[in-house]
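Here is what each chain is made of, one letter per residue.
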Amino acid sequence: MRTKKTVGFASAVFWAMLVAMPSPSLAVEETVSAFSIWTAKGQLAKTAQNEATFVGALEGRVYVNTEEGPVEAGQMLCPAIVRIDTTSGVQSATGNCTITSMDGAQMFSEISCKGVHLVGCNGQTKVTGGTGRLQNATGGGEFTIRSNWHRAKVSAPAGAEPVPQGIMFWPELKYVLP
């Protein structure tokens with residue numbers, strides 16, 4: 001039993017950025033559960049009567065869920081645009097993410113979501129490639145972003161108000177390495 005746990009733990013840790021280089025003739029498909037605790041850096045501005053728009057980046061560490069609990073797998077940087085209806089709490093977001101593993105290999109993806117404050121912005125991640133051993137990676141999966149956007153003040157000076165932050169999670173992110 002100990003060996004099985006150790007093997008399961010090790011394979012989960014090697015998530016999208018940490019898997020061993022596959023044979024060039026065989027595609028390897030993996031599925032992981034992962035999350036990132038992020039902080040936003042950018043500007044939130046009023047863009048319509050009842051709308052605010054954030055332009056900036058979500059940055060944070062990425063963790064993979066394993067049988068032994070979460071394990072750090074790398075860093076995430078997602079330049080994004082988030083639109084928020086300040087009356088209803090409805091929000092939508094689009095962006096592009098780079099996840100950099102501990103050894104420097106990178107995975108690129110596109111994200112888009114729609115949702116409501118407190119419930120989350122739900123959408124799709126599309127893996128679009130990578131560098132190093134993650135070059136030509138494909139795949140994707142559903143994700144959710146939950147945040148404290150409701151506490152951010154529109155056009156507030158830096159440091160004057162709470163910094164938008166939250167969690168992004170992928171219950172089942174599938175990726176293929178050719």
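Residues numbered from 1 in each chain as written. Predicted model: local features only at pLDDT ≥ 70, side-chain atom pairs only at ≥ 80, totals over all residues. Heavy atoms only, no water.

Q: Teacher, can you tell me more about the pattern of salt bridges here?
A: Side chains that differ in charge, positive against negative, can pair when their charged atoms come close. Throughout the structure, instances matching the rule amount to 3 salt bridges. Residue Lys41 is joined to Glu59 by a salt bridge in which the shortest nitrogen-to-oxygen separation is 3.9 Å. With Lys41 in strand β1 (residues 28-48) and Glu59 in strand β2 (residues 51-66), this residue pair connects regions lying 18 residues apart in the sequence. Exposure remark for Glu59: the relative accessible area of 29% places this residue in the partly exposed category. In this structure, Glu72 and Arg61 form a salt bridge, with 2.7 Å as the shortest nitrogen-oxygen distance. In this pair, Glu72 sits in strand β3 (residues 69-85) while Arg61 sits in strand β2, placing the two residues 11 residues apart along the sequence. (Salt bridge = Lys/Arg side-chain N within 4 Å of Asp/Glu carboxyl O. Helix = DSSP H or I, 4+ residues; strand = E, 2+ residues; numbered from the N terminus. Buried < 20%, exposed > 50% of the residue type's maximum accessible area, 1.4 Å probe, protein only.)

Q: Hey, could you run me through the environment of Gly140 in this one?
A: Along the chain, Gly140 turns up in strand β7 (residues 138-147). Judged by its relative accessible area of 17%, Gly140 is buried. Distance from Gly140 to Glu110, taken between C-alpha atoms, is 9.1 Å for residues 30 residues apart in sequence. Beyond its immediate chain neighbours, meaning those up to four positions away, Gly140 contacts Thr125, Lys126, Val127, Glu172, Leu173 and Lys174. (Contact = heavy atoms within 4.5 Å.)

Q: How should I be thinking about the nonpolar core in this particular structure?
A: As a rule of thumb, nonpolar side chains are buried together in soluble globular proteins. Trp38, Leu58, Met76, Phe143, Ile145, Met168 and Trp170 are the most contacted members of the largest nonpolar core, which has 31 residues in total. Contributions of two or more residues to this core are made by β1, β2, β3, β4 (90-101), β5 (106-116), β6 (120-130), β7 and β8 (165-177). Contacts of Phe143, omitting those with residues within four sequence positions, involve Ile111, Ser112, Cys113, Cys121, Asn122, Gly123, Gln124, Thr125, Met168, Phe169 and Trp170. (Core = buried A, V, L, I, M, F, W, Y, C linked by side-chain atoms within 4.5 Å.)

Q: Please clarify how the confidence of the model for the protein should be interpreted in this entry.
A: Low pLDDT marks stretches whose predicted atomic positions should not be read closely. Counting all residues, the mean pLDDT for the protein is 83, and 78% of those residues have values of 70 or more. Across residues 1-25, confidence stays below pLDDT 50; counting only partners more than four residues off in sequence or on other chains, it has 48 contacts. (pLDDT = per-residue confidence, 0-100.)

Q: Teacher, can you tell me more about the sheet that holds β2 here?
A: Through backbone hydrogen bonds, the strands of a sheet pair up, either in parallel or in antiparallel fashion. Strand order in the closed barrel formed by 8 strands is β1-β2-β3-β4-β5-β6-β7-β8, and the pairing between neighbours is antiparallel. Put simply, the sheet's adjacent strands are angled 25° from each other on average, direction ignored. As paired elements, β6 and β7 share 7 bridges and run antiparallel to each other. When the sheet's bridge partners are listed, Asn122 is paired in β7 with Thr144. (Pairing = 2+ DSSP bridges. Axes fitted to C-alpha atoms, helices over the stretch in contact; angles between N-to-C directions.)

Q: What am I meant to see in the pairing of β6 here?
A: The two faces of a sheet get side chains in turn, since along a regular strand they alternate between them. The pairing of β5 with β6 spans 10 bridges and is classified as antiparallel. The residue bridging Gly115 from the neighbouring strand is Cys121, located in β6. Adjacent in sequence and paired antiparallel, β5 and β6 are bridged by 3 residues, among which Leu118 carries a positive phi angle near 75°.

Q: Is there a simple way to explain a nonpolar patch on the surface in this structure?
A: On the surface, Val90, Val116 and Val119 cluster together into a nonpolar patch covering about 220 Å² of accessible area. Note that Val116 resides in strand β5. Overall, the relative accessible area of 35% leaves Val116 in the partly exposed class. (Patch = residues over 30% accessible without salt bridge, like charges linked within 9 Å, V, L, I, M, F, W, Y side chains within 5 Å. Areas by Shrake-Rupley, 256 points an atom, 1.4 Å probe, with all protein chains shown as cover.)

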